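# Structural overview
Residues per chain, in single letters:
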Amino acid sequence: MEYNFAKIEKDAKDKWAKEEVYKVSNDSAKPKAYILDMFPYPSGAGLHVGHPLGYIASDIYARYKRLCGYNVLHPMGFDAFGLPAEQYALETGQHPAVTTEKNIARYREQLDNIGFCYDWSREVRTSDPNYYKWTQWIFLQLFQSWYDRKENKARPIKELVAIFETEGNGSVPCPGEEKLHFDSARWKNYSEKEQRDVLMQYRLAYQGYAQVWWCEALGTVLANDEVVNGVSERGSHPVERKNMRQWFLRITEYAERLIDSLDKLEWSDAMKEMQRNWIGKSNGAEVRFDLSPAISVSVFTTRPDTIFGVDFLVLAPEHALVDDITTPEQKAAIEEYKTYVKSRSERERMSEVKQVTGCFTGAYAIHPITEKQVPVWISEYVLAGYGTGAIMAVPSGDERDHAFAKHFSIPVTNIFGDKYTGEEAYSSKTGIIENSDFLSGMSVADATESLIKKLEELGSGTRKINYRLRDAGFSRQRYWGEPFPIIYIDGIPYGTDEPVIHNEHKLGTLPVELPHVDNYKPGPEGQGPLANIEDWVETDAGERETNTMPGYAGSSWYFLRYMDPHNDTEFASRKATDYWNQVDLYIGGTEHAVGHLLYSRMWTKALHDLGYLSFDEPFKKLLNQGMIQGSSRFVHKIDLFFYTGPSGNATPLPVHNYNIFISYGKKKEAESNNNVARELMVEVCRLANIEIECLDNNVSINTSSSRVAVDLVDGLELKMESFKEWRTENLSAKFITEDDGKFICGAEVEKMSKSKYNVVNPDDIVAQYGADTFRMYEMFLGPIDVSKPWDTKGIEGVHRFLKKLWRLYADEQQGLIVTDEAATEAELRTLHKTIKKIGEDIERFSFNTSVSQFMICVNELSGCHKRAVLEPLAVVICPFAPHIAEELWLKLGNTGSVVNAAFPKYEERYVAENSKKYPVAVNGKTRAEMEFQLDAEQSAIEQAVLADEAIVKWMEGKPVKKFIYVKNKMINVVV
RNA sequence: GCCCUGGUGGCGGAAUUGGUAGACGCGCAGGACUUAAAAUCCUGUUUGCUGCAAGGCGAGUACGGGUUCAAUUCCCGUCUGGGGCACCA
């Protein structure tokens, strides 16, 4: 009876399915554990070998916790709304609902194949109306709430209205429009529209304006991903930044709490750091510069102490005041510059700092302290979305300001004395401020305080905390997302849950179902496709919002739905959320470090504030698995030869259309060696049947690389025949190979994705080696949190290990060979050490070393067929290789399932050591190895060591300066 | 450009809290079994010098410095791979 993994795994899966062993109840006396994976977006490429890395880790942990007696919630679902399905629909006409369904079915099959212990009865799909009903419901809670800064929590908007009615907004400053002030009388005099406009400035979900990529030719808004090299990915049309009305979530109100409560989370420091940086809290001041009695510009600065070094102001080109302040002479130049900026992404604007651009508005502002005239410029390095969208430039103290001043020859005021050389800015916060009137001679900290005081006296500035975090854009002009439960009546947006005065119509119930469409073309004026469906948009009460929610809407709360997935009166019952509470372990990639994780945290806090949840952080412990990258393969096609003939002119020889590919090694050679290049050119002419009159002197080649599917490549060697058949245009391909006839591809490590042709499907691995091998191999690859390119090399070793394990229990001829013979001391030591190590390794998520330990264990147990050792071992390995564990468990005569067994406890007496072989060093260099009892006295050890021949030799007769003995570690003699 | 993160044999990696660098596996080399192959098992495998051998001596964790009795581990600087940068998910 050999290790027939295919049969073993099928039997185990059938049994688990039949007995519903993974179904978990909300009622249990056991302690709970909630172990969650970041659910996948079901892409058309299917699951690749990178996805399961985290899933296997969480599966091992979930199974282990279960064996340890926990009631474990370990669910899975699908993040099913998103852009790729819609793009695919645009290309092929297939409805996203259809392709999504198909992709989910494929994912499910692939996941099942690997043998995860998910409770599929709790599956959620964000595109299911029964699910997004509650996404819409939560949106309405956010829409109907505001943030009370005094109580530091979200509250219902009707409580805000009550405040307005009694006292106006004096005690509740408006987050959306700081200058808005009114008393109760004025509030009551507002029209309904005016009142709702005011409320909009307070709501946690609100409407505002944002810059988006706009493509005139496609008539649509594009995602950053859809803009490649400054043009649309689809059709290569020009694009520009355009301001459009959008929905937002007022996450900035939560900035402080999102920073503060990071402290109570068991997340990696790196992850917390990324969130802190993303939120980007900075202390500083807001300073007002007047341009005229009517016009002033506020700037935010983290260095108010440098105010005497201000040589100019810079506004973001999109700043609202630019048009008002620009002088007639500068109008044309400013317009031209603004047009240029419209074509630039934020990324480009931030990263290309060496390329200084900008334009003078012609206007001057008055310095609030010196009252000097300061020129006002605009430049792309100032972003509209950060701070006030305007800065005071201090070239002697800021790199970018300095570069700007130098580029435009603006005189620089030095406020740092010798520290500023004139060559580069002095941006350090150490030192003394000089040349600064009453601030001269002060440290940065003191000068900051004095200046803020002065500004506040003058009324031209104030202390200010600024966050880099921006409110989250929450609408997309797309089809495949959650519709908003919003209806416009006379242009005013209402939530579908509110009673509307003067309107007898009911606004409707949730869910607002996504209507079916026949095409996915954008609506008029850049609206989403929903705008095309008139009889959906038009209701008796008013018009529906035609935007849809972004991809992250559904994923911001899905972990709550798993707790009570079939509830149709609440998003989840309070009993269920109280019981399961926070996610105890959340596993996913760092690519979600700031998006998904931040939004989920905000939603949880808002739901907590509004009284729907008892906890205000969703994920107690977070583990980031590294990304399994693809290793892409490239072929290089020869495009062009240049050769220098007798005339001395470079002559181009275009050979692109001859489909000649050059092996990687040859290409490298030809690039560095002119003789090789020349031979190569002769060869190319032969292949292409070209005759050239002369070939002289220098030859160089141009090649272009393109990706080739990884399964057409064996290691780095291209399977040339398969390559020809891959695509019709390759049929005529000719190859210039290495001298041994092989064609070698270029390689590059990058994200695994369909478009890069580097996807490896886990199904293929499972079919060849079995799920248990696949699971253990992925864990064996390395630490869970480290990224690495996929490589199948080495899987044989893990497979061999499982076969070896199997042979401890069963024999090819006799079948089960387990005996009831008593185990030896050594065997028990091996077993108990393994139990201990595996338990510890799982708790610290060191799964790769667990696999090593299993290998060591099985090697040591070679020839042991004793039940006393093998039965516990089957349970210990169950989290890693559940199928073989189940089979062995049953073979040993057990009933039930190994999934429900108890994880064995190790016995101290089998794992304790009482002596240790110490490395003995002299001056830090190991010179001998000596064994001592662990409880030996230091004096005895010292005596023995100093008497040792080798040690004496290395001490060279010098006196002992220090004797270092670290128990259970090492001994060092310093002379 | 900014933020986060990694860099250890031919390869994946181990070394958990500053304490014997290279566990475990792959690959490779040699051997056993076999008519042969597969499968399985055994031995060796960081590197230089040295020795018939057992061994001995030295170097070595991207690079350059530093702290320490002791550094893969801590600090400073440099190079370099990966992820993110707000409408991919």
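Note that the coordinates shown come from a computational prediction; the quantities given were computed from them, not determined experimentally. (Residues numbered from 1 in each chain as written. Chains lettered and ligands numbered in written order. Predicted model: local features only at pLDDT ≥ 70, side-chain atom pairs only at ≥ 80, totals over all residues. Heavy atoms only, no water.)

### With respect to the overall build of chain A
Secondary structure summary: chain A contains 33 helices and 37 strands in total. Viewed in the frame of its principal axes, chain A has a C-alpha envelope of about 100 × 90 × 80 Å. Here the analysis covers contacts within chain A between residues at least 6 apart in sequence; of these, 71% occur between residues at least 24 apart. For chain A, the exposed surface amounts to about 44,100 Å²; the carbon and sulfur share of it is 48%. Where the 113 positive side-chain charges of chain A centre and where its 142 negative ones centre are 4 Å apart. (Helix = DSSP H or I, 4+ residues; strand = E, 2+ residues; numbered from the N terminus. Contact = heavy atoms within 4.5 Å. Areas by Shrake-Rupley, 256 points an atom, 1.4 Å probe, with all protein chains shown as cover. Lys, Arg positive; Asp, Glu negative; His and termini not counted. Charge placed at Lys NZ, Arg CZ, Asp CG, Glu CD.)

### Section: the protein's contact with RNA strand B
Every one of the 66 residues lining RNA strand B counts as a neighbour, but Asn224, Leu781, Arg800, Asn848 and Asn972 are closest to it. Asn859 is positioned such that a nitrogen or oxygen atom in its side chain is 3.1 Å from a phosphate oxygen of RNA strand B. With 6 residues, helix H28 (residues 847–860) is the single largest residue contributor to the surface near RNA strand B. Of the residues assigned to the surface near RNA strand B, the class counts are 24 nonpolar, 18 polar and 24 charged. (Near = heavy atom within 4 Å. Polar contact = N/O pair within 3.5 Å; in protein donor to acceptor, adjacent residues only side chain to side chain. Nonpolar A, V, L, I, M, F, W, Y, C, P; charged D, E, K, R; others polar.)

### Describing unusual backbone geometry
The linkage connecting Leu510 with the following residue, Pro511, adopts the cis geometry, with an omega of -5 degrees. Mapped onto the elements, Pro511 comes out in the loop between strand E19 (492–495) and helix H16 (534–537). Even without a glycine there, the phi angle at Ser409 is positive, about 55 degrees. As for its position among the elements, Ser409 is in the loop between helix H14 (399–407) and helix H15 (444–458).

### Regarding the pattern of salt bridges
Applying the stated criterion to the full structure yields 54 salt bridges. Here Arg844 makes a salt bridge to Asp841, at a shortest N to O gap of 3.1 Å. The network of salt bridges with common partners includes Arg257, Lys264, Arg601, Lys605, Asp609, Asp616 and Glu617. (Salt bridge = Lys/Arg side-chain N within 4 Å of Asp/Glu carboxyl O.)

### Comments concerning the sheet that holds strand E9 (residues 240–249)
In a beta sheet, neighbouring strands pair by backbone hydrogen bonds and run either parallel or antiparallel. Spatial strand order, E6-E5-E9-E17: 4 strands in an open sheet with antiparallel pairing. In this open sheet, the two edge strands, each paired with only one partner strand, are strand E6 (220–222) and strand E17 (472–473). Both E9 and E17 contribute to a ladder of 2 bridges, which runs antiparallel. Residue pairing across strands places Phe248 opposite Gly473, the latter belonging to E17. (Pairing = 2+ DSSP bridges.)

### A few points about the sheet that holds E19
Spatially, 3 strands are ordered E19-E18-E20 in an open sheet, and the strand pairing comes out antiparallel. With one partner strand each, in any of the chains shown, E19 and strand E20 (543–544) form the two edges of the open sheet. Taken together, the 4 bridges between strand E18 (residues 486–489) and E19 define a ladder with antiparallel strand orientation. Across the sheet, the residue bridging to Tyr488 is Pro493, located in E19. Against the sheet, helix H5 (residues 129–143) engages E18 and E19, with an angle of about 120 degrees to E19. (Axes fitted to C-alpha atoms, helices over the stretch in contact; angles between N-to-C directions.)

### With respect to the layout of surface pockets
In this structure, the second largest pocket spans a volume of roughly 720 Å³. Lining of the second largest pocket is provided by 26 residues; of these, Val710, Asp711, Asn758, Val759 and Val760 occupy positions nearest its centre. The set of elements that each furnish at least two residues to the lining of the second largest pocket consists of strand E23 (628–644), strand E27 (713–714) and helix H24 (762–769). With 3 residues, E23 is the single largest residue contributor to the lining of the second largest pocket. (1 Å grid on protein atoms, 1.4 Å probe; cavity = no way out; pocket = protein on both sides within 12 Å on 5 of 7 lines; lining within 4 Å. Points joined across faces, edges and corners; volume = space filled by probe spheres on them.)

### Notes on the nonpolar core
One finds Phe139, Phe474, Tyr558, Met776, Tyr809 and Phe880 to be the most contacted residues of the largest nonpolar core, which totals 162 residues. Element by element, the count of residues in this core is highest for helix H2 (residues 51–67), at 9 residues. Once residues lying within four places of it in the same chain are set aside, the contact partners of Phe880 are Ile60, Arg775, Met776, Ile838, Ile842, Phe847, Ser850, Val851 and Phe854. With 50 residues, the next largest nonpolar core counts Leu291, Val299, Leu321 and Leu451 among its residues. (Core = buried A, V, L, I, M, F, W, Y, C linked by side-chain atoms within 4.5 Å. Buried < 20%, exposed > 50% of the residue type's maximum accessible area, 1.4 Å probe, protein only.)

### A short note on a negative patch on the surface
Residues Asp490, Glu534, Asp535, Glu538 and Glu543 make up a contiguous surface patch of negative charge. Residue position: Asp535 is located in helix H16. (Patch = residues over 30% accessible without salt bridge, like charges linked within 9 Å, V, L, I, M, F, W, Y side chains within 5 Å.)

### Quick word on the packing of aromatic side chains
Enumeration over the complete set of coordinates arrives at 66 aromatic pairs. For the ring pair Phe661 and Phe723, a centre distance of 5.2 Å and an interplane angle of 85 degrees mean the geometry is edge-to-face. Of this pair, Phe661 sits in strand E25 (residues 660–662) while Phe723 sits in helix H23 (residues 720–726), placing them 62 residues apart in sequence. Accessibility expressed as a relative area gives 3% for Phe723, which makes it buried. Across the ring face of Phe143, the terminal group of Arg203 is positioned such that the distance to the ring centre comes to 4.0 Å. (Phe/Tyr/Trp six-rings, centres within 6.5 Å; stacked < 30°, edge-to-face > 60°. Lys NZ or Arg CZ within 6 Å of the ring centre and 35° of its normal.)

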